[in-house]
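# Reading the structure
Spelled out from the first residue to the last, the chains are:
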Amino acid sequence: MKVLTAQSAGFCYGVRRAVELAERTAAEDGGCSLLGDLIHNAYVVEDLERRGARKIQDPASLGPGDTVVIRSHGELRGVVEDLKRRGVRCVDATCPNVCRIQNLVARAEAEGRQSVIIGEPNHPEVMGVASWGDHPLVFDGPEAVKAWLQTPENRDLPLTVVAQTTCVREIFESSWEIIKKECTNAKKFDTICGATQRRQTEAAEIAAKVDVMVVAGDRKSANTRHLAEICRKYCPRVFQVENADELPDLTGCSVAGLTAGASTPAGIIKEVVAAMSEEIKNEVAQETEAAEETELRPEETVAEEPKAEEAPVQAQEAQEQAEEAAAPEAAAEAGREESFEELLDQSIKTLNTGEKVTGIVRAITPTEVEVDVGAKQTAYIKFNELSDDPNANPEDIVKVGDEIEATVIRVNDVEGFAELSKKRLDAQKKWEDVERAVEEKTIQEGVVTEENKGGIVVNVDGVRVFVPASQSGKPRGADLSAMRGEHVKLRITEFNRARRRVVGSIRSVLDEERRAAQEQVWANIEVGKRYTGTVKSMTSYGVFVDIGGVDGMVHISELSWSRIKDPKEVCKVGDTLEVYVISFDPDRRKISLGVKDHNRDPWSDFMNTYGVGDIAKVRVVKLMTFGAFAEVVPGVDGLIHISQIADHRVERPEDVLAEGDIVYAKITAVDEERQKISLSMRAVPAGYGDEGGEE
């Protein structure tokens, strides 16, 4: 029989930091105030009270000269700003992980995005985080998310989704899956505390192996309550206790498990472990005593009385056997005690070169960044190991209180310090991301930085990706230097870490997008539907227009109401045209488009503008042996008979006119039924239209 204790039980970094700050502030300032419970543990709160850190309920009672410690869960933004405005000294013990969520919500608001918090609406951490936005949404799980998404317009909002640091992983992930499926523009930030995740995972693993599971922690602690909920999925007997006095009867238990919330002090955990071990030992002793009594019952066993001279020898042998039998148990108990002491004293762990560590930025000096990684050595990151950019300002990369990951590059146990490198870890992560992108064929985004021999170079999150000219998405022989500065999408197609060679393809992404766009067009096309397209190419009989990945053809007769001989008269490659579908053949993949608005009647335009006797400025569109046709309004032509071209005899119209000429002509007759117009240049007064003349 044994007790399995979670390695991650007890204070997390944020809680330990908050308690230390409160203790130090109370000692240095001769006392301080706390806005509510610093952490969710009554024993810690009582101890702080004895040290001079008193809890108050009304922030308005504080004034200039007072000192207040902001609790680890954070506080309402307005409350803190009001305290500072009134001259109250604020010592911020907010967990750095909570600060990160507050910043994410504030940034989302600044970007015009809707912030969504998955967590307990009435928890102080969530209430504090929500105060960093004007209109955040808080959902306690997937059902609340589903209900909100019943309103269709909510699905199109740009969302920034975060989680309470102690949120149950399953609740956050199931809520995100719904949002990802239903919403068109959602960003996810996994803000569940890493220590919380490890604690929950370890609790589940232990609960699956034991007969009874004990969760130690204050009943107001959300993360302790979540631990108990997780354990109940794997173990039928789960008890949440605040101290060793509440420990249940462990009768019938052969293996017991123990974990504790992030705000549970080490002393309480140790007491619970000792009580559990003692109870199991007592149970074992009782069972052993009962078994011995059963074995020595007179009716089943007959023992010979030892002879007088043998009694001392037998007594000595019995004592030696008992001591020998007790030795393994004593050794096991000592081993458990030593292991638990190691667990509780995280601060004495030693760093090793090459190890990846996570810590909190404590200070930024003129030459380096000091990081608290929970080790006995003081850890530093020199500026040249912080970023690839030698001109970068360290405070633009990290700030005091930020969580940071780095790799250990040097340890000096004699002087008690360790050198870290964020730059090297970032580089390692980049190559891991590249390798994963190749395996998963994910689309990457980057910026074209230069033209190279045979292609271009794209910077993807600091990694140089070579894209051959054939994969650039541009036609053969195109000027690739014009792509410099463009933001492009590509896939990594080749990766050689040893040679630091990465090859990508823009063309594959463009082809995929084009195919998707084509399918979308063909799935929704219908006669009369309008599109905004781009002229891709031109022929003598019409133009081809791209309407979203699919080319349709506009015949020259459908380009304009005016009579034209060449499409170049009205458009050119690259122009944007408003077109509509005249007809389409999905089997042959052909689409006929039009530009002319057939809802408009050119003859009505003419009749509403001109009448018989009016003089109009017309354009000669065609010469015949008997005269010339001239456009009066787009789509309506009139005939200038050869006899009406001039006030003298004309042998051929081309002797006086040429196609494209702009002349003045008088409307002499209109045949409404046949829609014919007679024009006369001869009837126009001399000098009409000249500068200073009548128009």
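Residues numbered from 1 in each chain as written. Predicted model: local features only at pLDDT ≥ 70, side-chain atom pairs only at ≥ 80, totals over all residues. Heavy atoms only, no water.

## Thoughts on unusual backbone geometry
Located in the positive-phi region is R589, a residue other than glycine, with phi close to 55°. Residue R589 is classed as partly exposed on the basis of its relative accessible area, which comes to 44%. For Q675, which is not glycine, the phi dihedral falls at a positive 55°. Here Q675 lies in the loop between β31 (662-671) and β32 (676-680). (Buried < 20%, exposed > 50% of the residue type's maximum accessible area, 1.4 Å probe, protein only. Helix = DSSP H or I, 4+ residues; strand = E, 2+ residues; numbered from the N terminus.)

## Notes on the pairing of strand β17 (residues 417-421)
The buried fraction of β17 amounts to five of the five residues, a majority that puts the element mostly inside the structure. A two-sided burial pattern is seen for β17, the buried positions comprising F417, E419 and S421 on one face and A418 and L420 on the other. Summarising the sheet, strand β15 (residues 378-382) and β17 pair through four bridges and their orientation is parallel. The residue of β17 that forms the bridge with T378 is F417. Pairing geometry for strand β16 (residues 403-412) and β17, over five bridges, is antiparallel. Across the sheet, N412 pairs through a bridge with F417, a residue of β17. (Pairing = 2+ DSSP bridges.)

## Points about empty space enclosed by the protein
For the structure on display, the rule yields one cavity of 30 Å³ or more. As a volume, the largest cavity reaches approximately 250 Å³. Lining the largest cavity are 21 residues, with V15, H73, T165, T166 and N223 sitting closest to its centre. Every element with two or more residues in the lining of the largest cavity is listed here: α1 (13-29), α4 (96-110) and α9 (222-232). Across the lining of the largest cavity, the residue classes break down as eight nonpolar, 12 polar and one charged. (1 Å grid on protein atoms, 1.4 Å probe; cavity = no way out; pocket = protein on both sides within 12 Å on 5 of 7 lines; lining within 4 Å. Points joined across faces, edges and corners; volume = space filled by probe spheres on them. Nonpolar A, V, L, I, M, F, W, Y, C, P; charged D, E, K, R; others polar.)

## Some words on the side chain of T25
As for its placement among the helices and strands, T25 is situated in helix α1. Here T25 is in contact with G30, G31, C32, T67, V69, R89 and V91, once residues within four sequence places are set aside. (Contact = heavy atoms within 4.5 Å.)

## Considering the nonpolar core
M213, V214, C231, V238, L258, V272 and M276 are the most contacted members of the largest nonpolar core, which has 31 residues in total. Residue assignment for this core shows that the elements contributing at least two residues are α8 (194-207), β10 (212-216), α9, β11 (238-241), β12 (255-260) and α10 (266-295). Residues in contact with C231, not counting those within four places in the same chain, are A203, A207, M213, V215 and V238. Counting residues in hydrophobic clusters, the runner-up holds 22 residues, among them F606, A616, V633 and V663. (Core = buried A, V, L, I, M, F, W, Y, C linked by side-chain atoms within 4.5 Å.)

## Observations regarding the sheet that holds strand β6 (residues 114-118)
Strands sit in the order β7-β6-β8-β9 across an open sheet of four strands; the sheet is parallel. Only two strands of the sheet have a single partner each, and these edge strands are β7 (137-139) and β9 (186-188). With direction set aside, neighbouring strand axes in the sheet form an average angle of 25°. Where β6 meets β7, three bridges bridge the pair, whose relative direction is parallel. Paired with I117 across the bridge in β7 is V138. Sheet strands in contact with α4 are β6 and β8 (159-163), and its direction is about 170° off that of β8. (Axes fitted to C-alpha atoms, helices over the stretch in contact; angles between N-to-C directions.)

## Some remarks on the confidence of the model for the chain
Any segment with low pLDDT has predicted coordinates that should not be analysed in fine detail. For the chain, mean pLDDT is 82; residues scoring 70 or higher make up 87% of the total. Every residue in residues 284-348 is under pLDDT 50, and counting partners more than four places away or in other chains gives 28 contacts. (pLDDT = per-residue confidence, 0-100.)

## Considering the packing of α8 against α9
Two elements in contact, α8 and α9, have axes separated by 9 Å at closest approach and are oriented at 35°. For α8 against α9, the interelement crossing comes out right-handed. Residues R199, Q200, A203, A204 and A207 of α8 lie in contact with α9, whose contacting residues are H226, L227, I230 and C231. Broken down by class, the residue content of the contact of α8 with α9 amounts to six nonpolar, two polar and one charged. (Left-handed = near helix turned anticlockwise from the far one by under 90°.)

## Some remarks on the sheet that holds strand β13 (residues 356-364)
Within the closed barrel, the five strands sit side by side as β13-β14-β15-β17-β16. Their pairing is mixed. Within this sheet the neighbouring strands show an average axis-to-axis angle of 55°, counted without direction. Packing of helix α13 (residues 422-440) onto the sheet brings it into contact with β13, β15, β16 and β17, and relative to β16 it is tilted by some 115°.

## As for the packing of α1 against helix α2 (residues 42-51)
Two elements in contact, α1 and α2, have axes whose closest approach is 9 Å; the angle formed by their N-to-C orientations is 15°. Relative to α2, α1 is oriented roughly parallel. Handedness of the crossing formed by α1 with α2: right-handed. Within the contact between the two elements, α1 uses V19, A22, E23 and A26 and α2 uses V44, D47, L48 and R51. (Parallel < 35°, antiparallel > 145°, perpendicular 65-115°, else oblique.)

## So, the environment of A22
As for its placement among the helices and strands, A22 is situated in helix α1. C-alpha of A22 to C-alpha of L34: the two residues are 12 residues apart in sequence and 8.5 Å apart in space. Non-local contacts of A22, meaning those with residues more than four positions away in its chain, are made with C32, L38, L48 and V69.

## Here we look at the packing of aromatic side chains
The tally for this structure, following the rule as stated, stands at five aromatic pairs. An angle of 40° between the planes, with centres 5.3 Å apart, marks the rings of W603 and F606 as tilted. Of this pair, W603 and F606 both sit in helix α15 (residues 602-609), three residues apart, which is roughly one turn of the helix. Like F606, W603 is buried. Ring geometry for F626 against F629: centres 6.4 Å apart, planes inclined by 90°, an arrangement best described as edge-to-face. (Phe/Tyr/Trp six-rings, centres within 6.5 Å; stacked < 30°, edge-to-face > 60°.)

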